[in-house]
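Chain and residue survey
For reference, the chains in residue letters:
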Amino acid sequence: MNAQAAIGQAAPVGAEFPADALRAQFPALERAGPFIFFDNAAGAQIPRLVLEAVNTHLLDHNVQRGGRYPQTLAVDAMIARSRASVAAFVNARRPEEVAFGLNATSFIRLISLAIGQTLGVRNEIIVTDLDHEANVATWLALERMGARIVWWKMRADGCLHAEDLAPLLTPRTRLVACTLTSNALGSITNARAAADLTHAAGAEIFLDSVHYGPHGPIDVQAFDCDYLVCSGYKIFAPHMGFLWGRYELLERLPTFREDFIPDVPPGKIEAGTFAYENVSGMDAAVGYLGRLGRTLAGRSGAPDAHSLREDARVAMNAIRSYEQLLTLETARVLRESGAMIYGIDADARVAERVPTFCFNLAGISPARVTEAAARADIGIRDGHMYAPRLMHRLGLSPQTGVVRVSLVHYNTMAEIHRLGNVLAELRRTG
Ligand SMILES: Cc1ncc(COP(=O)(O)O)c(C=O)c1O
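Keep in mind that this is a model prediction, so the values were computed, not measured.

Of the regular secondary structure elements, the chain holds 16 helices and 13 strands. Expected size for 430 residues packed as a compact globule is a radius of gyration near 22 Å; at 21 Å, the chain falls within 12% of this value. Each principal axis of the C-alpha distribution contributes one length, and for the chain these read about 65 × 50 × 35 Å. Out of the 430 residues in the chain, the part that is buried amounts to 59%.

Spelled out as structure tokens, the structure:
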């Protein structure tokens, strides 16, 4: 089974996608004029709906939750609404499986510290050399608590293959921590195949869905994962993170909390105050995607929790389909400019990746490429992409690394061609 089979079918490539109408919903795109946002892997722009939700929170109920007056009750209601929305977005079995917080890294750390306290005969943690360092270093830190680290290595195609995971799993495996999609190479992992193997060995699987989030439908039940983490700022919401965990597992985890916080999810994962305005923005971001799905599916009437799940799924499948066109065109333009593309390069494998490309131009440093792009009003990034181990695997210095261009559904073919012109010019002038 390939990665696409594991995440559900995208709509047929080429299906009508309202890119222009959606762009109009992102005020930052208009304010930026000719500037092209091609650094979305470091954070995407947000739709008007999200801005309004953040503003409304700050203007009308910027108070602490848990009191008895109207504004504080409104905060409680907003958090409950946002939890239900995110639960629908990831297809959770119940809203209490969703916890809000600062970012993905702090959630990975929180879960890893709790897992670290449960190590016994099962003390092996499997990590990968494709992952963002946030999902590696956090687990490596458990060595001090008696963990033994086992490496699941990507193959030369820039992908993690489930067949390579199988021989690493033993009766001592406690957990597999892996990315659903590489924030550098854009390759998608077959999460379900990895989860099936992991569970057959009696272990648990932690999925880093931060980079996959804006590109396809998240379905924790279809993935059959145990934990999954995501960052709001990659999926059209403000800076915040959320964690989904299987309720029974969260219930058992020894997390840090003050004595007055009951030992039940989600409260036991959310000690302290988080940025409520951004949680409100996260709710609105799911609303934006739900609205898109509703429009595409031609549904009318007010959405409810069930229809929100379905609407979000339709939206994310349509996004996947449109992004495949962007992927094919970006790959074509990069090849035409003589770029060395790292990871999946073949058009036939477009369904196994998202439009995030790392590349280099022979004889031209990554920094020079991004500087030339910046002069042409295009935002792209150079460096190690927070995956220094991956850079070593690719035979590159983490100091200089690669150039990364990362698109989302509000990007267009015309923008790709403008990047192509910059690369062509660089190639001409050297
Ligand atoms: C795949 C992946 N995992 C983890 C992170 C870290 O997320 P956060 O900044 O929310 O801690 C990122 C951030 O870019 C990422 O792309």
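Relative to the helices and strands, Gly67 is located in the loop between helix H4 (48–60) and helix H5 (70–90). On the accessibility criterion, Gly67 (26% relative accessible area) is partly exposed. What Gly67 contacts, discounting residues up to four positions off in sequence, is Thr72 and Leu73.

Across the sheet, which stays open at both edges, the four strands sit in the order S9-S10-S13-S12 with antiparallel pairing between neighbours. With one partner strand each, in any of the chains shown, strand S9 (340–342) and strand S12 (381–383) form the two edges of the open sheet. Across the sheet, the mean angle from the axis of one strand to that of its neighbour is 35 degrees, orientation sign disregarded. Of the pairings in the sheet, the one linking S12 to strand S13 (residues 402–406) comprises three bridges and is antiparallel in character. Paired with Asp382 across the strands is Val403, a residue of S13. Across the sheet, helix H13 (residues 305–336) touches S9, strand S10 (356–360) and S13, and the angle it forms with S10 is around 5 degrees.

Taken residue by residue, the chain gives an average pLDDT of 95. The fraction at 70 or more is 97%. This model gives residues 1–9 a pLDDT under 50, and the stretch forms 23 contacts once residues within four places in sequence are excluded.

Our focus in this paragraph is unusual backbone geometry. Residue Pro266 follows Pro265 across a cis peptide bond; omega there is 0 degrees. Note on placement: Pro266 falls in the loop between helix H11 (247–252) and helix H12 (276–297). Despite not being glycine, Asp224 shows a phi value in the positive range, around 55 degrees. Inspection of the secondary structure assignment puts Asp224 in the loop between helix H10 (220–223) and strand S7 (227–231). Its relative accessible area of 18% is what places Asp224 among the buried residues. Phi is positive for Phe236, close to 70 degrees, though the residue is something other than glycine. Considering the arrangement of structural elements, one finds Phe236 in the loop between S7 and strand S8 (241–245).

We now examine the domain arrangement of the chain. If you check the domain split of the chain, you get domain 1 (3–47 + 317–429) and domain 2 (50–285). If you average the C-alpha positions of domain 1 and of domain 2, the two centres end up 26 Å apart. Opposite the 42 residues of domain 1 that make contact, domain 2 presents 39 residues. Among the ionic pairs, Asp157 bridges to Arg349, the shortest N-O distance being 3.1 Å. Here domain 1 and domain 2 share 17 residue pairs in polar contact (both at pLDDT 80 or more) between them. Of the residues that constitute the side of domain 1 that touches domain 2, the class distribution is 27 nonpolar, seven polar and eight charged.

The rules behind the values
- Residues numbered from 1 in each chain as written.
- Predicted model: local features only at pLDDT ≥ 70, side-chain atom pairs only at ≥ 80, totals over all residues.
- Heavy atoms only, no water.
- Helix = DSSP H or I, 4+ residues; strand = E, 2+ residues; numbered from the N terminus.
- Rg over C-alpha atoms; globule rule 2.2 N^0.38 Å.
- Buried < 20%, exposed > 50% of the residue type's maximum accessible area, 1.4 Å probe, protein only.
- Contact = heavy atoms within 4.5 Å.
- Pairing = 2+ DSSP bridges.
- Axes fitted to C-alpha atoms, helices over the stretch in contact; angles between N-to-C directions.
- pLDDT = per-residue confidence, 0-100.
- Domains from an automatic or database assignment.
- Salt bridge = Lys/Arg side-chain N within 4 Å of Asp/Glu carboxyl O.
- Polar contact = N/O pair within 3.5 Å; in protein donor to acceptor, adjacent residues only side chain to side chain.
- Nonpolar A, V, L, I, M, F, W, Y, C, P; charged D, E, K, R; others polar.

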